[in-house]
Amino acid sequence: MKNFLFTPRAAVYAGIFIVLLLLPKMINAYHLSLVETGLSLAIMALGLNLLLRYTGVLSFGIGAYFAAGAYAVGMLNMYWPEYYTFETAILASILVSAAVSALFGFVCVRHTRIFFSILTLALSMLLFAVLEKAYHITGGSDGIRIPIPTFFGHEFEGMRRFQFLTGPYYYILLGIFSASTLIMLAIVNSPFGKALQATRDNELRAEMIGVRVRRFRWYAFVIAGTFSGLSGGVWCFVSGHITPEICNWVFSGEVVYMVLLGGFMIFEGPIVGAMLFTYLRLYAVAATEYWMLIIGATLVILVLLLPGGVTGGLYDLIERFKPKGRAKAGAEVKHA
Amino acid sequence: MLEVKDVIKSFGKFMVIRGVSFDINQNEVVAMLGPNGAGKTTMVNLISGHLFPDEGQVLLAGKDISTSPPYQRIKAGIARNFQLTQLFEELSVLDNVRNCLFSVQGKLGRFFKPAAAYKEATEQALEILEVFNLAQFKDELGEGLSEGDKKILDTAMAFALKPDFLLLDEPTSGVATAEKFKVMDTIINAIQARGTATMIIEHDMDIVSDYAQRVMVLAEGEILADGVPVEVMESEAVQETLFGVKSDDAVRC
Amino acid sequence: MGLIYALNGLYFAAFLFLTSLGLSIILGVMGILNLAHGSLYAVGGFIAAFVIGLSAGSAAPLMILAAGGCAMLATAAVGFAMETTLLKPMYRRPLEYQLLMTFGILMLLEDGIKLIFGGESRYASAPFDAMGSVQIMGSTYPLYFLFVMLVAVAAGLFIWWLMVKTRLGIMLRAIEMDRDMAQAMGIPMRALTIVAFVLGASFAGLAGALVVPTTPAVLGMGMDVLIMAFIVVVIGGLGSLKGAFLGSLIVGLTRSFTVAYFAELEMPLLFLIAVIILIIKPEGLFGQK
């Protein structure tokens, strides 16, 4: 960690963090709430990329754990309103999503490749069906309203939602987002992260140097699920209302799109992707009722022409102007 | 050190290993020979834990490990390389070896401090790369190495697990002829410094006669001969199995 | 009553079989999981509803033939366009790109349908009404349902014949078993991949066409079917005809009986069955390891 503080990457992080801190003074409330959506989703995108980039399995059902986190908050308020505070809500979202992902993951990690993707997708639809059908418990397709919570005893009574969101909540969210990013960065560079990458590159060899492949994949699954749950937990306050749609596989597909849009080969790619996607989707929906046509078309073009995503494309561009790095840029394109 | 007792293994109806027994002592380098399809790789897989025997036992230092999963066998002191190289292609050469050291030190599950900050593992990994002449490639990705260097890295990884019993499945196949003996010297020196018992599968007779103290011949799933290289190689049955010739015209080889 | 539930289950299984058959062929031969398969089903549904609307008043068999034929032709054309332009560059790409590409196509198709046919539901019950019903052991049962089962069985037999008895099928299976080997043997990969995809797509279209006489064509109609087809494929094993058949029967019958007795448990129970099968037999009932 000590070395990390003096790298160019750390300097860029610090710069971006300062900009984010000052953001409420620079942009209006509407855009700030969009940034909040992006920051929340970025936590999930980081989780998904732990599976995709570092473990080598593609989950098409990450929304299930996002929903588990969000519903943990919503149901806490419905059934135990006396305990409904921001801290307990976040704790609940972490615990519930960890439990759900531990359970689902147990089944999924026995497989890789397409079978893994189908299974994660199918299991998220199981949760979707439960959330939608168990109307009297979960509110069914009407969903649940998420009121403004107290924060460590501090009440925001009388505050309008957008005042809360653009005021104190922005800084809380920024704090949680920054912490999540640093934790994920630590995880992927740790011995555990390297062992995961070993299972991705060569399952047989990983097993034969003593990695318990399935168990490690399961841990990664639970970490990814918990990040998604936390993401759902902080996002539901921004949206103010949750429905089972966040558990639908189409939403999970959009998260995969986010990660590839940003570029999954680079650690920060998913964060960029979550931000861009939030804006892209919003503009598409505002522009036309055929917004899926726009999203679909951009997706197809991205896959065909820019497989490294935005950050991958930028990286290649920078490398192209550095004569020495030419070989490396080629390598990057090859993986992507 | 390692003891194999009456091991039987079938795939479907086909019995590949038909009751094999042998033991290998500390510091011993034993070569296992045999024609293709004799069951050599199956034997390696049975000892390394990739397969489990149908009957019989595999014991390491007196402890039955027949049904232990690979990670327990590695902890107990067994390591193997692969005939067809198996690397972590998208990790650096250093990470390939350092992962093995984390495994030995029981640190694979540590998930906060960066891998590079583990001084002891990093230094030991660099030492091993030095020994195997790979130090200059430490930051290259596994996939960037030449075929010969990949093979050497594969063996270095098995060695990095600090085994008491090392399985070497054709460690010099794919290595340039001029390099073969250098590589074997490196391996054998490193092994003997640690007192490791070794079973080596090799087709190259020169390597076998130079480095192995004992030779076992496996044919159709059974041990045909077991003894000092010179004696075993002179046996008529062995000559016929290995080279398909009777001893009369063995001169030609 | 049990008999009626069983028949309903078989009827539902027939749809699932037609849909998962296409999904399974594409998965087996091309190694691509087509997330847009449900949307092809929807395209078939809308085309069929449109054709039935045009041919209102003609005899039932004629309507069904016209609707089914047009739906299959249309989805085959869409499938051909998809394969040759968007999927072709994906075969050498990793899984995530293949899945995202079909996901993008799904979005294009869903909104494409909306653009062409509008957002309203389309009713086309004429063939169903015209066929009337029969008496089975004292209960009245729509003849149309039995007809659909017959079509599914015929389709299954056709695919079996194609795969086992014809040169085309043998080459397709060779690709399924070992792509590189098939290529080395000089099998025309490109042409056969297109054939497999167009075949799979047209089966989705047929299933969509057969459903509209009983339930109207609506936007997003393919989504639920797609998930069900996934469960069928997971239970039966990837790329297995037998698996698709048995999986469809299990899902269809389970669904029919749970809907009758405890409607809310329908989906959870199906998933539970799938999970139990996977824990006992991870590759599915007839999947290869």
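Quick notes on the rules
- Residues numbered from 1 in each chain as written.
- Chains lettered and ligands numbered in written order.
- Predicted model: local features only at pLDDT ≥ 70, side-chain atom pairs only at ≥ 80, totals over all residues.
- Helix = DSSP H or I, 4+ residues; strand = E, 2+ residues; numbered from the N terminus.
- Rg over C-alpha atoms; globule rule 2.2 N^0.38 Å.
- Buried ≥ 20, exposed ≤ 12 C-beta atoms within 10 Å, placed from the backbone.
- Contact = placed C-beta atoms within 7 Å.
- Pairing = 2+ DSSP bridges.
- Axes fitted to C-alpha atoms, helices over the stretch in contact; angles between N-to-C directions.
- Right-handed = clockwise from strand over helix to strand, strands pointing away.
- Domains from an automatic or database assignment.
- Nonpolar A, V, L, I, M, F, W, Y, C, P; charged D, E, K, R; others polar.
- pLDDT = per-residue confidence, 0-100.
- Parallel < 35°, antiparallel > 145°, perpendicular 65-115°, else oblique.

Let's talk about the overall build of chain C
- When its secondary structure is counted, chain C shows 12 helices and 2 strands.
- Computed over C-alpha atoms, the radius of gyration of chain C comes to 19 Å, within 12% of the 19 Å expected from 2.2 N^0.38 for 289 residues, which places it in the range of a compact globule.
- Evaluated residue by residue, chain C yields a buried proportion of 51% over its 289 residues.
- If you take every contact in chain C between residues at least 6 apart in sequence, the share linking residues at least 24 apart comes to 76%.

Things to note about the overall build of chain B
- When helices and strands are counted, chain B shows 9 helices and 10 strands.
- Taking 253 residues into account, the globule formula puts the C-alpha radius of gyration at 18 Å, and chain B, at 19 Å, falls close to it.
- Principal axes of the C-alpha set define a box for chain B whose edges measure 60 × 40 × 35 Å.
- Expressed as a percentage of its 253 residues, the buried residues of chain B come to 43%.
- Expressed as a percentage of contacts within chain B between residues at least 6 apart in sequence, the contacts between residues at least 24 apart total 64%.

As for the sheet that holds strand S8 (residues 197–201) of chain B
Residue and element names in this part refer to chain B.
- With mixed pairing, 6 strands are arranged side by side in an open sheet as S6-S7-S8-S3-S9-S10. Each having just a single partner strand, strand S6 (78–80) and strand S10 (222–227) make up the two edges of the open sheet. Pairs of neighbouring strands in the sheet enclose a mean axial angle of 20°, with direction left out of account.
- When strand S9 (residues 214–219) meets S10, the two strands line up antiparallel, connected through 5 bridges. Counterpart to Leu 218 in the pairing with S10 is Ile 223.
- The strands touched by helix H9 (residues 236–243) within the sheet are strand S3 (29–33), S9 and S10, with S10 carrying the most contacts at an inclination of about 120°.

What to know about the pairing of strand S7 (residues 165–169) of chain B
Residue and element names in this part refer to chain B.
- Burial analysis of S7 places 5 of its 5 residues in the buried class, the great majority of the element.
- Burial along S7 is two-sided: Phe 165, Leu 167 and Asp 169 facing one way and Leu 166 and Leu 168 facing the other are all buried.
- In terms of strand pairing, S6 meets S7 through 3 bridges, oriented parallel. Note on S7: the bridge partner recorded for Ile 78 is Phe 165.
- Sheet topology places S7 next to S8; 5 bridges connect them, and they run parallel. Residue pairing across strands places Leu 166 opposite Thr 198, the latter belonging to S8.
- The β-α-β motif built from S7, the intervening helix H6 (residues 177–194) and the parallel element S8 has right-handed crossover chirality.

Details of the arrangement of the chains
- In this assembly, 2 pairs of chains are in contact, and the pair with the greatest number of contacts comprises chains A and C.
- Considering only C-alpha positions, the minimal separation of the non-contacting chain B and chain C is 15 Å.

Focus: the domain arrangement of chain B
Residues and elements named next belong to chain B.
- Assigned domains of chain B: these are domain 1 (2–87 + 157–252) and domain 2 (89–144).
- Inter-centroid distance (C-alpha atoms) of domain 1 to domain 2 is 27 Å.
- Contact with domain 1, which involves 9 residues of that partner, is made by 12 residues of domain 2.
- Of all elements in the fold, only helix H5 (147–160) and H6 reach the threshold of two or more residues within the side of domain 1 that touches domain 2.
- The element contributing the most residues to the side of domain 1 that touches domain 2 is H5, with 3 residues.
- Residue classes in the side of domain 1 that touches domain 2 are distributed as 7 nonpolar, 1 polar and 1 charged.

Thoughts on unusual backbone geometry
Residue and element names in this part refer to chain B.
- At Ala 61, a residue that is not glycine, the phi angle is positive and equals roughly 50°.
- Examined against the element boundaries, Ala 61 turns out to sit in the loop between strand S4 (55–60) and strand S5 (63–64).
- Of the residues examined, Ala 61 has 13 C-beta atoms within 10 Å and is grouped as partly exposed.

With respect to the confidence of the model for chain C
Residues and elements named next belong to chain C.
- Overall, the prediction assigns chain C a mean pLDDT of 84, with 99% of residues at 70 or greater.
- Looking across chain C, the model is least confident in helix H5 (residues 126–131), with a mean pLDDT of 73, and most confident in helix H4 (residues 95–117), with 90.
- Complex prediction metrics read pTM 0.88 and ipTM 0.86.

What to know about the interface of chain A and chain B
- Facing 21 residues of chain A, the contacting portion of chain B comprises 29 residues.
- Mapped onto the side of chain A that touches chain B, the elements with two or more residues apiece are helix H8 (168–189), helix H9 (191–201) and helix H10 (203–208) of chain A.
- The element that contributes the greatest number of residues to the side of chain A that touches chain B is H9 of chain A, accounting for 8 residues.
- Its residues assigned to classes, the side of chain A that touches chain B comprises 10 nonpolar, 6 polar and 5 charged.

A word on the interface of chain A and chain C
- Every contact between the two is made by 34 residues of chain A and, on the other side, 31 residues of chain C.
- Breaking the side of chain A that touches chain C down by element, the ones donating at least two residues are helix H5 (113–133), helix H12 (249–262) and helix H14 (291–305) of chain A.
- In terms of residue class, the side of chain A that touches chain C is made up of 27 nonpolar, 4 polar and 3 charged.

A short note on the packing of helix H2 (residues 29–55) of chain A against H12 of chain A
All names here are of chain A.
- Where H2 contacts H12, the two axes come as close as 9 Å, and the packing angle between them is 80°. When the interaxial angle is binned, H2 and H12 end up roughly perpendicular. Along its contact with H2, which presents Leu 41, Met 44, Ala 45, Leu 48, Asn 49 and Leu 52, the element H12 presents Val 255, Val 256, Met 258 and Val 259.
- A class-by-class count of the residues in the contact of H2 with H12 yields 9 nonpolar, 1 polar and no charged.

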